[in-house]
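Each chain is listed here by its residues.
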Amino acid sequence: MNLVSRKPNRILNMMSHSPLLDGLNPAQMAAVQHIGGPLLVVAGAGSGKTRVLTRRIAYLMAERGVAPYQILAITFTNKAAGEMKERVAELVGPIARSMWVSTFHSACVRLLRQEASRLGYGNSFSIYDQADSLKLISLVAKDLNLDVKRYPARQFQSMISSAKNELLGPHDYAAKAQNQFEQVVAEVYAVYQRRLQSANAMDFDDLILKSVEVLQSFPEAKARFRSRFRHVLVDEYQDTNHAQYILVRELVGSDNEGIAPAELCVVGDADQSIYGFRGATIRNILQFEMDYPNATTILLEQNYRSTQNILDAANAVITKNESRKEKNLWTEAGSGAQLVGYVAENEHDEAEFVKDEIRSLQRAGTSEPGDSAIFYRTNAQSRVFEEIFMRAALPYKVVGGLRFYERKEVKDLLAYLRVLANPNDEVSLRRIINVPKRGIGDRALDHVDAYAVRNNLTFWSGLHRSNEIPEMPARAAGAVNLFLSMLSALHVLVEAKIRPSVIIEAVLEQSGLMSELSSSSDPQDEVRLENLQELVAVSMEYESRPIESLGEDEEISLAGFLEQVSLVADADEIPEGEDHGGVVTLMTLHTAKGLEFPTVFLTGLEDGVFPHSRTLGEKSEIEEERRLAYVGLTRAQARLYVTRAEYRSSWGSPTYNPASRFLDEIPETVIDWRNKGTASSTFTKVRNFSAPPARPTGKKSTAIELTVGERVSHDTFGLGTVISLAGEGDRAEATINFGPYGEKRLLLRYAPVEKL
Ligand code: ATP
Ligand code: MG
């Protein structure tokens, strides 16, 4: 291993005058100029890893004569990819089109569009999202007569997904099954995979798995990509899972394969690995040097993003993780403002505080709303912020959550388009066959299903033989035929390569989706109609894409449009531009990775919320949560707020949560507390009160003694204040105000209340 950053003289000698090296420090320059064996750039947040990657790509072309088509760059979001491409296009012109810059998933789709036929797929295969895949798994479980209570489809889904991330096919999985449950999973997995293949569909994990399969099973295909991609670059390398790791390894190749290995450059930060639950393994980054013995490692230590106080807070938190390499991140930015801490009474007060603060920063001319981002652990936490911002007319944008493409009506319309592109797509076909209602019920479909299975046909072919199915009522068969002839009329448009937006409009009219919604008096349907029109607008935008933004083998087509929509990620929704469109951006901590904002509010810092309650028992999971905290804290450039609520309603009952351990880990010296709360963090030993109320049993023989004005906590209602008392002994009662739950009259002998 070479630690280039420890050898400044060598770096100085290597320096040339390329303008592409301007604004880089010596270690960054070394990374941009590095030639030859694998290069790993490991560094803390905000140290310019992504900048190195972008510059390196430009440098390869401008100074080393590398052609754009020889470059494969993997970024975390499609948007980052788009930006990178634009920048390169400015440099080398439209030829930038032939460069592959994309997410892992998009790159794999491109590879598979060319190669999937080797694996028995058509090149217009559908891409199933989580919901589609869950639907198909449920169908499989139903066909296998599995008890859905005992075997929830979601559990199958997550186990199959883990298997795929480990590159285990159904056979491998079956061979490794340890118990009866895993044997059942193996069976479901095998059938699921067959059904996917006959539907000419791949789920998200398949995109990676099947790409690896192509490269490993077909030497000619591998040789083609190997000789093409001379440079492979990966950002956020810490979040690659095993399958992605192997994909990269296959594409790069090794010394003894006839073709020289590609130059590999990966950048990442083990402290920001936050997708362990999805199979990402830090091992990939920690052991890079072992896997690539001739690798060069460059460390970057200067942070250009944040002030020292922000870094001190982030460093203090991440240091508490045990299995990590110590890093020394510093900045020239000066200590800057202290962090602001705020303990709110409940989640509404927390959101009020954030809103007031954004407004007063704006009034003071310190920070515009577009400079601010609000982070939280789970999507559900956005709701309160939305309510309060809406009331205050503070413009905002929630990134992620129930996404546009997950709305029912949008999925319906997309399902029509998917069937037009790929009629074997069973999940989509079933979704639309009776939407809007056209008299084709579940029973009729069961008949088709049974007939198709008996005759070894696909569901689609089975539908075409509806007339021949003896059990099928004539009315239903007639309805099926009408449906099929409508589809075939629409299909003519696809064959004629009509623009996607025109096809969409035709689908809206012909299918009856439009007239159903426009004749409805339900105001919700109006919103639905607007969403469908929005999809038309999205397709028009797609059609007007500048030619440079298309890959060299891409063309404007229905399939291309579907592919783009299938692959949108949460982070792609982040408002563009320096000022983020002037709106406050709200998102989960996971989505925030790689981004930066002048002002950051890290909210919900409570044990049980963040770290998430699910992770509290497991050390490795807490460590992953801590890395997530590190990601959140290091997004801030100038101002960082850390807030928590003393209680918040979760699942309908107020829950008291102690301060997040991450909050306690931040040194007091860097925080300016605006409000420390009433119960404050001395209350941290109290358990989480979200448990169901204790049953009135005989155990509690005497009633608790209370006085008016005293603060208590109740298992279900959370914190309260005693308003009045009545009765004595076993009959003692108290009226207690529980904030959002209002006043309750409790018989104290049975009430699960404790004094604070
Ligand atoms: P993360 O770990 O969060 O992904 P990163 O290491 O990728 O961060 P970048 O996003 O590349 O860091 O850089 C952080 C900020 O610092 C950006 O605004 C970038 O433009 C700026 N920056 C990077 N290197 C330099 C430099 N040498 N001089 C000035 N600014 C720099
Ligand atoms: Mg980055």
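From a predicted model like this one, the values you see are computed outputs, not experimental measurements.

Undergrad: Hey, could you run me through helix H20 (residues 442-454) in this one?
TA: Since the α-helix packs 3.6 residues into each turn, any two residues three or four apart lie on the same face. Between the first and last C-alpha of H20 there are 18 Å, a value that for 13 residues agrees with the 18 Å anticipated at 1.5 Å per step. Buried residues along H20 sit in contact with helix H19 (426-432), helix H21 (459-464) and helix H22 (474-495). Phi turns positive one or two residues past the end of H20, at Asn-456, with a value near 55°.

Undergrad: How do you make sense of the packing of helix H2 (residues 26-33) against helix H3 (residues 49-64) when you look at a structure like this?
TA: When two helices pack together, you describe them by how their axes are tilted relative to each other and by the distance separating the axes. Their axes nearest at 8 Å, the elements H2 and H3 cross at an angle of 45°. In terms of orientation, H2 and H3 fall into the oblique class. Crossing of H2 against H3: the hand is right-handed. Taken together, the residues of H3 that come into contact with H2 (itself represented by Gln-28, Ala-31, Val-32 and Gln-33) are Val-52, Arg-55, Arg-56 and Tyr-59.

Undergrad: When you look at unusual backbone geometry in this model, what are you seeing that I'm missing?
TA: Negative phi values dominate among residues other than glycine, just as trans dominates among peptide bonds. In this model, Val-435 is joined to Pro-436 through a cis peptide bond whose omega is -5°. Residue placement: Pro-436 occurs in the loop between H19 and H20. The linkage connecting Phe-610 with the following residue, Pro-611, adopts the cis geometry, with an omega of 5°. Assignment of secondary structure puts Pro-611 in the loop between strand S16 (597-602) and helix H27 (619-633). Even without a glycine there, the phi angle at Glu-236 is positive, about 50°. With respect to the helices and strands, Glu-236 occurs in the loop between strand S7 (231-234) and helix H12 (242-252). At Asn-456, a residue that is not glycine, the phi angle is positive and equals roughly 55°. If you trace the backbone, Asn-456 turns up in the loop between H20 and H21. Given the relative accessible area of 71%, Asn-456 is considered exposed.

Undergrad: I keep staring at the domain arrangement of the chain and nothing clicks. Help me out?
TA: How big an interface is tends to be expressed through the accessible area that disappears when the partners come together. Once the domains are mapped, the chain shows domain 1 (2-112 + 209-302), domain 2 (126-199), domain 3 (339-395 + 574-685), domain 4 (406-560) and domain 5 (711-755). Taking only C-alpha atoms, the centre of domain 1 and the centre of domain 3 are 33 Å apart. Contacts between domain 1 and domain 3 engage 17 residues on the former and 13 residues on the latter. Linking domain 1 with domain 3 are two salt bridges, by the criterion used here. Of the charged contacts in the structure, one is a salt bridge between Lys-593 and Glu-236, with a shortest N-O distance of 3.9 Å. Seen at the junction of domain 1 and domain 3, the total is five residue pairs in polar contact (both at pLDDT 80 or more). When the residues that make up the side of domain 1 that touches domain 3 are grouped by side-chain class, the tally is seven nonpolar, five polar and five charged.

Undergrad: Help me understand the environment of Val-191 in this model?
TA: Of note, Val-191 is situated in helix H9 (residues 180-198). Val-191 gets classed as buried once you look at its relative accessible area, which sits at 16%. With sequence-adjacent residues up to four places away left out, Val-191 is seen in contact with Val-140 and Leu-144.

Undergrad: What should I look at first to understand the confidence of the model for the chain in this one?
TA: Interpretation of the predicted coordinates at a detailed level should be avoided for regions scoring low in pLDDT. Averaged over all residues, the pLDDT of the chain is 87; the fraction at 70 or higher stands at 92%. Confidence over residues 1-13 falls short of pLDDT 50; this stretch has 20 contacts with residues more than four positions distant or in other chains. Here residues 680-696 is a poorly scored stretch, pLDDT under 50, and it has 34 contacts once near neighbours within four places are set aside; other chains count.

What counts, and at which threshold
- Residues numbered from 1 in each chain as written.
- Chains lettered and ligands numbered in written order.
- Predicted model: local features only at pLDDT ≥ 70, side-chain atom pairs only at ≥ 80, totals over all residues.
- Heavy atoms only, no water.
- Helix = DSSP H or I, 4+ residues; strand = E, 2+ residues; numbered from the N terminus.
- Expected span 1.5 Å × (residues − 1).
- Contact = heavy atoms within 4.5 Å.
- Axes fitted to C-alpha atoms, helices over the stretch in contact; angles between N-to-C directions.
- Parallel < 35°, antiparallel > 145°, perpendicular 65-115°, else oblique.
- Left-handed = near helix turned anticlockwise from the far one by under 90°.
- Buried < 20%, exposed > 50% of the residue type's maximum accessible area, 1.4 Å probe, protein only.
- Domains from an automatic or database assignment.
- Salt bridge = Lys/Arg side-chain N within 4 Å of Asp/Glu carboxyl O.
- Polar contact = N/O pair within 3.5 Å; in protein donor to acceptor, adjacent residues only side chain to side chain.
- Nonpolar A, V, L, I, M, F, W, Y, C, P; charged D, E, K, R; others polar.
- pLDDT = per-residue confidence, 0-100.

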